[in-house]
Amino acid sequence: MTSFYDEKVVIITGSSMGIGKSLALLLGKQNAHIVLNARNEVKLLATETELKAEGCSVISCIGDVTKEEDCKKLIDIALAHFGKIDILINNAGISMRGMVEQIPASLVSTIFNTNTIAPIVLSQKALPHIKQTGGSIVFISSLAALRGLPLISIYCASKMALTAVAESMRIETKDHGVHIGLVFVGFTKSEKEKTVLNSEGNLTFLGERKGIFYNGISDVAKQISKNIKRRQKQTVVGVSGKIYYFFSKFFPRLMELIIIKSQKQLNRLSK
Ligand SMILES: NC(=O)c1ccc[n+]([C@@H]2O[C@H](COP(=O)([O-])OP(=O)(O)OC[C@H]3O[C@@H](n4cnc5c(N)ncnc54)[C@H](OP(=O)(O)O)[C@@H]3O)[C@@H](O)[C@H]2O)c1
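Quantities reported herein were computed from a predicted structural model and do not represent experimental measurements.

## Some details on the overall build of the protein
Argument step 1. Helix and strand content of the protein: 8 helices and 9 strands.
Argument step 2. The globule rule puts the C-alpha radius of gyration for 271 residues at 18 Å, and the 18 Å found for the protein is close to it.
Argument step 3. Structurally, the protein occupies a C-alpha span of about 55 × 40 × 35 Å along its principal axes.
Argument step 4. Out of the 271 residues belonging to the protein, those deemed buried represent 48%.
Argument step 5. Long-range contacts, defined as pairs at least 24 residues apart, comprise 69% of the intrachain contacts of the protein with a sequence gap of at least 6.

## A look at the side chain of Thr-13
Argument step 1. Take Thr-13: it is sitting in the loop between β1 (9-12) and α1 (18-28).
Argument step 2. Each residue touching Thr-13, except ones within four places of it in the same chain, is listed here: Asn-37, Val-65, Leu-74, Ile-89, Asn-90, Asn-91, Ala-92 and Leu-122.

## A look at the environment of Val-178
Argument step 1. Summarising the element assignment, Val-178 is placed in the loop between α5 (153-172) and β6 (179-185).
Argument step 2. Between the C-alpha atoms of Val-178 and Gly-207, which are 29 residues apart in sequence, the distance is 38 Å.
Argument step 3. Once you skip the residues sitting within four places of it in the chain, Val-178 turns out to touch Leu-127, Ile-130, Lys-131, Gly-135, Thr-173 and Arg-231.

## A closer look at helix α3 (residues 68-82)
Argument step 1. Between its first and last C-alpha atoms α3 spans 21 Å; for 15 residues at 1.5 Å apiece the expected length is 21 Å, and the two agree.
Argument step 2. Those residues of α3 that are buried lie in contact with β1, β2 (33-38), β3 (57-62) and α4 (105-133).
Argument step 3. At the exit of α3 stands Gly-83, carrying a positive phi of roughly 80°.

## Describing the nonpolar core
Argument step 1. Membership of the largest hydrophobic core comes to 48 residues, with the highest contact counts inside it found for Ile-11, Val-35, Met-96, Ile-137 and Phe-139.
Argument step 2. The element that contributes the greatest number of residues to this core is α4, accounting for 8 residues.
Argument step 3. Setting aside its immediate chain neighbours within four residues, Ile-11 contacts Val-35, Leu-74, Ile-75, Ala-78, Ile-85, Ile-87, Leu-88 and Ile-89.
Argument step 4. Ile-12, Ala-24, Ala-38 and Ile-87 belong to the second largest nonpolar core, which has 27 residues in total.

## Observations regarding the side chain of Asn-227
Argument step 1. Looking at the element boundaries, Asn-227 is found in helix α6 (residues 217-229).
Argument step 2. Exposure remark for Asn-227: the relative accessible area of 0% places this residue in the buried category.

## A short note on the site of the ligand
Argument step 1. Taken together, 28 residues are adjacent to the ligand, and Ser-16, Arg-39, Asn-91, Tyr-155 and Arg-209 come closest.
Argument step 2. Ile-19 is positioned with one of its backbone polar atoms (N or O) 2.8 Å from an oxygen atom of the ligand.
Argument step 3. Lys-194 is positioned such that a nitrogen or oxygen atom in its side chain is 2.9 Å from an oxygen atom of the ligand.
Argument step 4. Contact with the protein chains removes 92% of the 890 Å² of surface that the ligand exposes when unbound.
Argument step 5. Breaking the shell around the ligand down by element, the ones donating at least two residues are α1, β2, β5 (136-142) and α5.
Argument step 6. It is β5 that provides the largest number of residues to the shell around the ligand, a total of 3 residues.

## Quick notes on the packing of aromatic side chains
Argument step 1. Per the counting criterion, the structure on display carries 9 aromatic pairs.
Argument step 2. Taken together, a centroid distance of 4.8 Å and an interplanar angle of 85° make the contact between Phe-4 and Tyr-5 edge-to-face.
Argument step 3. Since its relative accessible area comes to 0%, Tyr-5 is described here as buried.
Argument step 4. Measuring from ring centre to ring centre gives 5.5 Å for Phe-246 and Phe-247, while their planes differ by 85°; the resulting arrangement is edge-to-face.
Argument step 5. Among the residues examined, Phe-246 registers a relative accessible area of 40% and is labelled partly exposed.
Argument step 6. Members of the aromatic cluster, joined through ring pairs, are Phe-246, Phe-247, Phe-250 and Phe-251.
Argument step 7. Here the basic side chain of Lys-8 rests over the ring of Phe-4, its NZ or CZ set 4.6 Å away from the ring centre.

Definitions and limits used
Residues numbered from 1 in each chain as written. Predicted model: local features only at pLDDT ≥ 70, side-chain atom pairs only at ≥ 80, totals over all residues. Heavy atoms only, no water. Helix = DSSP H or I, 4+ residues; strand = E, 2+ residues; numbered from the N terminus. Rg over C-alpha atoms; globule rule 2.2 N^0.38 Å. Buried < 20%, exposed > 50% of the residue type's maximum accessible area, 1.4 Å probe, protein only. Contact = heavy atoms within 4.5 Å. Expected span 1.5 Å × (residues − 1). Core = buried A, V, L, I, M, F, W, Y, C linked by side-chain atoms within 4.5 Å. Near = heavy atom within 4 Å. Polar contact = N/O pair within 3.5 Å; in protein donor to acceptor, adjacent residues only side chain to side chain. Areas by Shrake-Rupley, 256 points an atom, 1.4 Å probe, with all protein chains shown as cover. Phe/Tyr/Trp six-rings, centres within 6.5 Å; stacked < 30°, edge-to-face > 60°. Lys NZ or Arg CZ within 6 Å of the ring centre and 35° of its normal.

Interpretation note: all reported values are geometric properties and have no functional meaning in isolation.
This is how it looks when you write it as C-alpha cells:
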C-alpha cells in the first residue's frame, strides 16, 4: 500500500528528541526519507540508529539552526543524499522562564535566533527547492503565540512572530503550489532531558511532564502529519488547545482574568 509520505524527503529540525524525534519516526515508518538535525552529535546519532533499526531511511545533519552556514549544510545534505526536498518542518525551539524585567538582551537574542530567525532563514533556503516539488513548509508554534503569558514573554513573542511569517509566506507562495502550515502546540509530555533557559540564560531541566493534562508527544506528531497531508493552514493541537484557542480569540478579557487568577494560585502553592 502506498502512503502519502512515500519517497518524500523531509527535513525536521530539532529531531534528536521530543516532538521532532517522534515525527521523524512516524514519517520514516511511512517511507519518507528523513533528514534529522540537532546540535548534540551523540544524541542525534543515537536517534539515527533507533530510526534505522525501525527500517527508516534517514541521514543526520549535526548543526545549529541559528548559524546560517549550518542551515545551508542542512539543505545541501538533503539534496546530496536524496536529490530533492519535499517538506521542511521548522521544529527546533527553546523556551524560557523569567519576568520581562529580569531577562538580559543576550537571552532575548538567543530565543529569537532559535525560534524565529532560524525558521525564517532555513525556509528562505528551502523554498526554491520546495517550489519544485510543490511540498510544504511547516512552522511548529505554540499556544503561547496566541497571547502574552507571564514568565515566558519572550518565548510568546518569538512564536507570535512566526504567525506573521507564515501568513506572509502563504500569500507570497500562493501561485507556486507550496503549502505553508502553522501548528499551535499546547503543553506536551516531555522527556526527562528537556531543558528551558532560566532568566540568567542557563539551561535548566524542566522535569518530566506526565498526566492527562498534557498532550502525548506521538499525538502531537500525528497532528503535524495531518496538517501536512491535508495542507491545512493551521492546526491547534488537542481538545484543551482548541478550548484555549477559542477563549483567547473571542473572550480575551475573560482569558486574562483566568490567567491572573491561576497565576495567583500557582504563586500561593509555590510558597
Ligand atoms: N513540549 C511542549 O510542551 C511544547 C509546547 C508548545 C510548543 N512546542 C514547540 O515544539 C517544538 C519542539 O518542542 P519539544 O518540546 O519537542 O523540544 P525538546 O524536547 O526540548 O527538543 C528540542 C530539540 O531541538 C534541538 N535544538 C534546540 N536548539 C537547536 C538549535 N539551535 N539548532 C538545532 N537544533 C536545536 C534539540 O537538540 P540539541 O539541543 O542537541 O540541539 C532537540 O532535538 C519547539 O518548537 C517548541 O517550542 C513544544
